[in-house]
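Breakdown of the fold
Listed below, chain by chain, are the residues.
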2 protein chains.
Amino acid sequence: MTEATKTVIVGQSKPILNYVTACITMFNGGADHVVLRSRGEAINMAVDVAQLLKKRFFSQVQISKIQIDGEDVVSRDGRQLSLPVLEIELSMPKAQSTT
Amino acid sequence: MTEATKTVIVGQSKPILNYVTACITMFNGGADHVVLRSRGEAINMAVDVAQLLKKRFFSQVQISKIQIDGEDVVSRDGRQLSLPVLEIELSMPKAQSTT
């Protein structure tokens, strides 16, 4: 179970510290990788979460992969939209992630 | 001069197509790499620019590197802020970039 990759979906509705806390919980629970997934206007929040986590909480966390992508969605008024998607993969080096 | 890496700073003040056009101009001018640099709330726009460019204009463009970083700035009211920064490097394969 320690090899798990967990995903945190970053939205805009909650305060940024909620997502940081979610990541900390996952790392403390033994996850090796946590993927921050966000789309549209929440993308800058995902970058912020990664930065905050690295600066204030786990300085040993590494950003192992960043991916961008697009997702086609239909908006409420029926229009076809292409939303940008950003995925940031954070990794915790082995030595620190003993549960 | 063809080995040049150009940087486009993506802000929020201009329409998204302006940045796409700037990239196209640089690639057509012989640039091999164009770096989209953005910070704060403009980050999602940078991802959008990259997606749009790839989807609508140059399907052969590749995203060669994505980097996130933080930048310390002082806001207008004197507070210390940490802004997230995202840099997306786009590359044009050689065969297409003959000037």
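Before going into details, it helps to say that this report is about the structure given with it. Everything quoted here is computed from the prediction, not taken from an experiment.

Focus: the overall build of chain A
Looking only at helices and strands, chain A has two helices and four strands in total. Along the chain direction, N to C, the helices and strands of chain A fall in the order β-α-β-α-β-β. A principal-axis box enclosing the C-alpha atoms of chain A has dimensions of 50 × 25 × 20 Å. Contacts in chain A between residues at least 24 apart in sequence constitute 71% of all its contacts with a sequence separation of at least 6. As displayed, chain A has an accessible area near 5600 Å², and 50% of this comes from carbon and sulfur atoms. Across chain A, the mean location of the 11 positive side-chain charges is 6 Å away from that of the 10 negative side-chain charges.

Notes on the pattern of salt bridges
Residue and element names in this part refer to chain A. Across all of its chains, the model carries eleven salt bridges over all chains by this definition. Note that Glu 71 and Arg 37 form a salt bridge whose closest N and O atoms lie 2.7 Å from each other. Remark: Arg 37 occurs in strand β2 (residues 33-39) and Glu 71 occurs in strand β3 (residues 62-74); sequence separation between them is 34 residues. The exposure class assigned to Glu 71 is partly exposed, which follows from its relative accessible area of 23%. Judged by its relative accessible area of 25%, Arg 37 falls in the partly exposed class. Several salt bridges share partner residues, and in doing so they unite Arg 37, Arg 39, Glu 71 and Glu 87 into one network.

What about the nonpolar core?
Ranked by internal contacts, the top residues of the largest apolar core, which has 52 residues, are Leu 36 and Ile 88 of chain A together with Leu 36 and Ile 88 of chain B. Those residues in contact with Leu 36 of chain B that lie beyond four places of it in its chain are Val 8, Val 10, Cys 23, Ala 46, Val 49, Ala 50, Leu 86, Glu 87, Ile 88 and Leu 90 of chain B.

What about the packing of aromatic side chains?
Residues and elements named next belong to chain A. According to the stated counting rule, one finds two aromatic pairs over all chains in the structure shown. A ring pair is formed by Phe 27 and Phe 58, whose centres lie 6.0 Å apart and whose planes are at 85°; its orientation type is edge-to-face. Here the residue Phe 27 occupies a position in helix α1 (residues 16-28), and Phe 58 occupies one in the loop between α2 (43-57) and β3, the gap between them amounting to 31 residues.

Here's the deal with the relation of the copies chain A and chain B
In screw terms, the move from chain A to chain B is a rotation of 180° and a rise of 0.0 Å along the axis, fitting with an RMSD of 0.0 Å. What the superposition gives is, in effect, a two-fold axis relating one chain to the other. A share of 100% of interface residues in chain A that are also interface residues in chain B marks the association as one of identical surfaces.

With respect to the interface of chain A and chain B
Contacts between the two partners involve 20 residues from chain A, matched on the other side by 20 residues from chain B. Both faces combined, the contact of chain A with chain B buries some 1500 Å², and carbon together with sulfur accounts for 66% of it. Summed over the shared surface of chain A and chain B, the result is two salt bridges. Counting the contacts that link chain A with chain B gives five residue pairs in polar contact (both at pLDDT 80 or more). Of all the elements in the fold, those that place two or more residues in the side of chain A that touches chain B are α2, β3 and β4 (80-91) of chain A. Taken together, the residues that form the side of chain A that touches chain B break down as nine nonpolar, six polar and five charged.

Concerning α1 of chain A
Residues and elements named next belong to chain A. Between its first and last C-alpha, α1 extends 19 Å over 13 residues, near the 18 Å set by a 1.5 Å rise per residue. Within the span of α1, buried status applies to Tyr 19, Val 20, Cys 23, Ile 24 and Phe 27. Looking straight down α1, one finds that the buried residues subtend no more than 140° of arc, so they occupy a single side. Turned more than 90 degrees off the buried face of α1, the exposed positions are Thr 25 and Asn 28. Where α1 is buried, its residues touch β1 (5-10), β2, α2 and β4. Gly 30 lies just past α1 and shows a positive phi near 105°.

Criteria and thresholds
Residues numbered from 1 in each chain as written. Chains lettered and ligands numbered in written order. Predicted model: local features only at pLDDT ≥ 70, side-chain atom pairs only at ≥ 80, totals over all residues. Heavy atoms only, no water. Helix = DSSP H or I, 4+ residues; strand = E, 2+ residues; numbered from the N terminus. Contact = heavy atoms within 4.5 Å. Areas by Shrake-Rupley, 256 points an atom, 1.4 Å probe, with all protein chains shown as cover. Lys, Arg positive; Asp, Glu negative; His and termini not counted. Charge placed at Lys NZ, Arg CZ, Asp CG, Glu CD. Salt bridge = Lys/Arg side-chain N within 4 Å of Asp/Glu carboxyl O. Buried < 20%, exposed > 50% of the residue type's maximum accessible area, 1.4 Å probe, protein only. Core = buried A, V, L, I, M, F, W, Y, C linked by side-chain atoms within 4.5 Å. Phe/Tyr/Trp six-rings, centres within 6.5 Å; stacked < 30°, edge-to-face > 60°. Least-squares fit on C-alpha atoms with pLDDT ≥ 70 in both. Buried area = accessible area lost by both parts, 1.4 Å probe. Polar contact = N/O pair within 3.5 Å; in protein donor to acceptor, adjacent residues only side chain to side chain. Nonpolar A, V, L, I, M, F, W, Y, C, P; charged D, E, K, R; others polar. Expected span 1.5 Å × (residues − 1). Arc of directions from axis to C-beta.

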